[in-house]
Amino acid sequence: MDIFKEIRQILVELLDVDEKEITTDTYLVRDLCAESIDFLELAVSLNNRFAIEINDDDLFLRNLRLYIQNIPDSQDRLAGLTGRFPFLSTKRIAEILADLDQGPVLKVKDLIAYIEWQTKSKKAA
Amino acid sequence: MTVCSGQDRFILLDRITQVRENTIVAEKTFAETPVWLGIESLAQLGAMHVRYANQFSRHAMLLIIEECGFNPGLELNGTYQLKGKRTSRSQYAYGYHLTALKNDQIVINGQFLFATIAYDDRFDQNRLQSHYERLFTCLQSDIMTD
């Protein structure tokens, strides 16, 4: 199963965009103009397609900035976020931290990472 | 703005006859009723099940009707069985396949998407939570549950 292709197909149908516009590095909000209602639809579509539990807050990094705000000054921001988003690599979290000022950071590859992580968790359970 | 539905009240479910983790069944008797009110009945049924699934702790609303089929010119007369089956879910959104049947024949059939939101200034918890819990209880007569 190619998770990227499956997600791309869902996004094409949901957001009415050309599949050529979507790569793993595409931003959902910045590039595809996804809105909150689209995220609700996307969440159930992913649940339906991959049969995994979907936590909207985690998947869409909804509380990311709140978590960052609450990291004590004494703690490294990278270390503070790693446990919050276990499906994201340290490298990706570092990228996100460097990208925060540019706008919403969620990318297609973050959805892929979440699905892979949930699928592994489900198999392990 | 006043919205007039043409109904004495806007609860378009007479009785919930079965509720389980992923399914809900209800009845509604219509008299010369346009089909859109049947669709509204199905939406109310799905939203009721979403509230039940959340122990009434969040407000539920119809987000999208993804597809809905019925015969053009259909008018609803008599007692209909309304069935809902949850087909997908996330933390805040729920997909349902909802059908209205008369004499075991499907007359309305659709895929509906619902969302939940936290109670807030617009959706007052003190008023709405107890209202829907009471309504749900009232609609359960001789109900079957797991």
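We now turn to the structure provided with this report.

So, how was this worked out
- Residues numbered from 1 in each chain as written.
- Chains lettered and ligands numbered in written order.
- Predicted model: local features only at pLDDT ≥ 70, side-chain atom pairs only at ≥ 80, totals over all residues.
- Heavy atoms only, no water.
- Helix = DSSP H or I, 4+ residues; strand = E, 2+ residues; numbered from the N terminus.
- Rg over C-alpha atoms; globule rule 2.2 N^0.38 Å.
- Buried < 20%, exposed > 50% of the residue type's maximum accessible area, 1.4 Å probe, protein only.
- Contact = heavy atoms within 4.5 Å.
- Areas by Shrake-Rupley, 256 points an atom, 1.4 Å probe, with all protein chains shown as cover.
- Salt bridge = Lys/Arg side-chain N within 4 Å of Asp/Glu carboxyl O.
- Axes fitted to C-alpha atoms, helices over the stretch in contact; angles between N-to-C directions.
- Parallel < 35°, antiparallel > 145°, perpendicular 65-115°, else oblique.
- Left-handed = near helix turned anticlockwise from the far one by under 90°.
- Nonpolar A, V, L, I, M, F, W, Y, C, P; charged D, E, K, R; others polar.

## A closer look at the overall build of chain B
So, point 1. Secondary structure summary: chain B contains two helices and seven strands in total.
So, point 2. Secondary structure of chain B in N-to-C order comes out as β-β-α-β-β-β-β-α-β.
So, point 3. In terms of C-alpha radius of gyration, chain B reaches 15 Å, essentially the compact-globule figure of 15 Å for 146 residues.
So, point 4. If you line up chain B on its principal axes, its C-alpha atoms span 40 × 40 × 30 Å.
So, point 5. The burial tally for chain B puts 44% of its 146 residues in the buried class.
So, point 6. Contacts in chain B between residues at least 24 apart in sequence constitute 67% of all its contacts with a sequence separation of at least 6.
So, point 7. Looking at chain B as shown, the accessible area adds up to about 7800 Å², and 46% of this sits on carbon and sulfur atoms.

## With respect to the pattern of salt bridges
So, point 1. Taken as a whole and assessed by the stated rule, the structure comprises twelve salt bridges over all chains.
So, point 2. Between A:Glu6 and A:Arg49 there is a salt bridge, with the nearest N and O atoms lying 2.6 Å from each other. Linking A:Glu6 in helix H1 (residues 3-15) with A:Arg49 in helix H2 (residues 36-50), this pair joins segments that are 43 residues apart in sequence.
So, point 3. What makes A:Arg49 partly exposed here is its relative accessible area of 35%.
So, point 4. The salt bridge partner of B:Lys28 is B:Asp14, with a shortest N-O separation of 3.3 Å. Here B:Lys28, found in strand S2 (residues 23-34), pairs with B:Asp14, found in the segment before strand S1 (15-19); they are 14 residues apart in sequence, far enough to count as distant.

## Focus on the packing of H1(A) against helix H7 (residues 108-124) of chain A
A pair of packed helices is captured by two measures, namely the crossing angle of their axes and the spacing between those axes.
Residues and elements named next belong to chain A.
So, point 1. At a closest axis distance of 10 Å, the pairing of H1 and H7 adopts a crossing angle of 125°. As the angle between them shows, H1 and H7 are arranged oblique. Where H1 crosses over H7, the handedness of that crossing is right-handed. The residues of H7 that touch H1, namely those facing Ile3, Phe4, Ile7 and Leu11, are Val108, Leu111, Ile112, Ile115 and Glu116.
So, point 2. Along the lines of polarity and charge, the residues of the contact of H1 with H7 split into eight nonpolar, no polar and one charged.

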